[in-house]
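Coordinate inspection notes
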Amino acid sequence: MYDLVIKNGRVLDPSSHFYEIADIAVQNGRIVGIEGEIAVEAAQTIDASGCIITPGLIDFHTHLYPLSEIGIPAEAVCFASGVTTAIDCGSAGAATYPAHRGAVLSSRLRILAFLHVSSAGLATGRYLENPDPKYYDRPKIAHCLNTFNELIGLKIRQGAEIVGSLGLSPLRETIVLAEELGVPVMVHCSNPPEPLDKIISLLRQGDILTHAYQDRGDSLLDNNGHISQIALAARERGVIFDVANANIHFSFKVARAALSENFLPDIISTDLTTRSLYKRPTVFNMLHVLSKYLNLGLTLEQVIERCTSRPAEFLGMRDEIGCLKPGACADIAVLRVINKRTEFGDCHGEILQGDRLLKAMLTVRAGEVVYRDIEF
């Protein structure tokens, strides 16, 4: 007898390009079978007719409580939108992360994190962090990265309002430190203090430019409105472009230009905080953000790929999460595509009128049902 069987849903697994109606069997927290029909009895059987079954979604850029005072309540928000893995991006630094680590380890949500190079991280929304490299606590940063396996890299924010006269020196010093520690860097690029191409030119294979479709200050677009040659070259050498929408880091103008030139995001994420959670029309939750890209013209498979198999591959976990393969962790989302007129916004107040919306019906984390819509 299996623990759980989900039946009759259209399985969408971008990692294997599997898109067929099938049943999925779960035992001991693992996927043990995907077949056209599974007849074995199960302790729990759920009929997913009319729904899409995907790997559990990965929100690659968010902020979680208590790592930051503006962090979202992790399990309640993520499970209700099909997210089974969340990456906190710089809410905590070396001085604050160890004190909050217990909340990370005790959550049923899989939580990974980028450590902010500023010791206090983004502890509060009332004032900005100190990005001056002379205050980087290099020994303690190294201790955290070498000791806590859930820490996957370093975060730096390169906004002009943050770095001031320091220019690009915080990023340069962060990359030096990351090189020593053998970890990637995620750089916040909104309102850059110098042309964005200069930031992109510093990034290495595996580093992440987050808020890639922003246009506060300089953007990915050159003077002719096309994706810059520097950005194209960076993608070729393996720089990751994450769109991390938030309230003020997404522009339809940049997004449409990028998509028209097939410069699709590598990763689609939210940058959710309490400032944007459940607030329309810009972010709301993960599924609202994904629905925006669906209404911008990406296919459902392209959208799901960018929050499952793509980030899982970056994390070095492609056979464990972000897939629906036998042997993988049973992180599963059951979604419904509903026809509903919905507004999607950007940082300038431009509104896209969409007619397709993704809705979570069921979320399974390591074989356990952690969310189920009351109608399902």
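Definitions and cut-offs
- Residues numbered from 1 in each chain as written.
- Predicted model: local features only at pLDDT ≥ 70, side-chain atom pairs only at ≥ 80, totals over all residues.
- Heavy atoms only, no water.
- Helix = DSSP H or I, 4+ residues; strand = E, 2+ residues; numbered from the N terminus.
- Rg over C-alpha atoms; globule rule 2.2 N^0.38 Å.
- Buried < 20%, exposed > 50% of the residue type's maximum accessible area, 1.4 Å probe, protein only.
- Contact = heavy atoms within 4.5 Å.
- Areas by Shrake-Rupley, 256 points an atom, 1.4 Å probe, with all protein chains shown as cover.
- Lys, Arg positive; Asp, Glu negative; His and termini not counted.
- Charge placed at Lys NZ, Arg CZ, Asp CG, Glu CD.
- Pairing = 2+ DSSP bridges.
- Axes fitted to C-alpha atoms, helices over the stretch in contact; angles between N-to-C directions.
- Right-handed = clockwise from strand over helix to strand, strands pointing away.
- Salt bridge = Lys/Arg side-chain N within 4 Å of Asp/Glu carboxyl O.
- Parallel < 35°, antiparallel > 145°, perpendicular 65-115°, else oblique.
- Left-handed = near helix turned anticlockwise from the far one by under 90°.
- Nonpolar A, V, L, I, M, F, W, Y, C, P; charged D, E, K, R; others polar.
- Phe/Tyr/Trp six-rings, centres within 6.5 Å; stacked < 30°, edge-to-face > 60°.
- Disulfide = S-S within 2.5 Å.

Attention now goes to the overall build of the protein. Summing up its helical and strand segments, the protein has 11 helices and 15 strands in all. For 376 residues, the compact-globule estimate of 2.2 N^0.38 gives 21 Å, and the C-alpha radius of gyration of the protein, at 20 Å, lies within 12% of that figure. C-alpha extents for the protein along the principal axes are approximately 65 × 45 × 35 Å. Taken across its 376 residues, the protein has 59% of its residues classed as buried. Taking the intrachain contacts of the protein between residues at least 6 apart in sequence as the baseline, contacts between residues at least 24 apart amount to 73%. Carbon and sulfur atoms make up 48% of the accessible area of the protein, which totals about 14600 Å². Positive and negative charge centroids in the protein, built from 35 and 44 side chains respectively, lie 4 Å apart.

Attention now goes to the sheet that holds strand β6 (residues 57-62). Across the sheet, which stays open at both edges, the 7 strands sit in the order β6-β7-β8-β9-β10-β11-β12 with parallel pairing between neighbours. Here the strands that pair on one side only, and so sit at the sheet edges, are β6 and β12 (240-242). Across the sheet, the mean angle from the axis of one strand to that of its neighbour is 25°, orientation sign disregarded. By the bridge criterion, 4 bridges tie strand β8 (residues 110-116) to strand β9 (residues 151-157) in an arrangement that is parallel.

Judged by how many residues are buried, β9 sits mostly within the fold: 7 of 7 residues are covered. Read as a crossover between parallel neighbours, the route from β8 over helix α3 (residues 138-147) to β9 is right-handed. Relative to strand β10 (residues 185-188), β9 runs parallel, the two sharing 4 bridges. For Lys 155, the partnering residue across the bridge sits in β10 and is Met 186.

Right, let's get into the pattern of salt bridges. Should the charged atoms of two oppositely charged side chains come close, the side chains can pair. This model, assessed by the stated rule, comprises 21 salt bridges. Residues Glu 368 and Arg 108 are paired through a salt bridge, measuring 3.3 Å at the closest nitrogen-oxygen approach. Here Glu 368, found in strand β15 (residues 368-372), pairs with Arg 108, found in the loop between α2 (97-106) and β8; they are 260 residues apart in sequence, far enough to count as distant. On the accessibility criterion, Glu 368 (39% relative accessible area) is partly exposed. Owing to a relative accessible area of 40%, Arg 108 belongs among the partly exposed residues under this scheme.

Here we come to the packing of α3 against helix α5 (residues 169-181). Put simply, α3 and α5 touch, their axes get as near as 11 Å, and they point 45° apart. Between α3 and α5, the angle falls in the class oblique. Here the hand of the crossing between α3 and α5 comes out right-handed. In contact with Arg 138, Ile 141, Ala 142, Leu 145 and Asn 146 of α3, α5 contributes Glu 173, Leu 177 and Leu 181. For the contact of α3 with α5, the residue count by class is 5 nonpolar, 1 polar and 2 charged.

Moving on, we get to the packing of aromatic side chains. Any aromatic ring pair is given by two values, namely how distant the centres are and how the planes are angled relative to each other. Summed over all chains, the structure comprises 7 aromatic pairs. With 6.0 Å between their ring centres and 75° between their planes, Phe 250 and Tyr 293 make a pair best called edge-to-face. With Phe 250 in the loop between β12 and α8 (252-260) and Tyr 293 in helix α9 (residues 286-295), this pair connects stretches of sequence that are 43 residues apart. Overall, Phe 250 belongs to the buried group, its relative accessible area being 2%.

Throughout this description, disulfide means a covalent bond between two cysteine sulfur atoms. Using the criterion set out here, one finds 0 disulfides in the structure. The thiol of Cys 51 is unpaired, and the distance to the nearest cysteine sulfur, on Cys 307, comes to 16 Å.

Glycine aside, residues mostly have negative phi angles, and peptide bonds mostly take the trans form. Backbone torsion omega between Tyr 65 and Pro 66 reads 10°, so that peptide bond is classified as cis. As for its position among the elements, Pro 66 is in the loop between β6 and α1 (74-79). The residue after Arg 280, namely Pro 281, is reached through a cis peptide bond having omega 10°. The residue Pro 281 is located in the loop between α8 and α9 in this model. One non-glycine residue, Ala 244, lies in the positive phi region at around 30°. Structurally, Ala 244 is set in the loop between β12 and α8. The backbone of Asp 271 shows a phi angle near 60°, a positive value even though the residue is not glycine. For Asp 271, the position within the fold is in the loop between α8 and α9.

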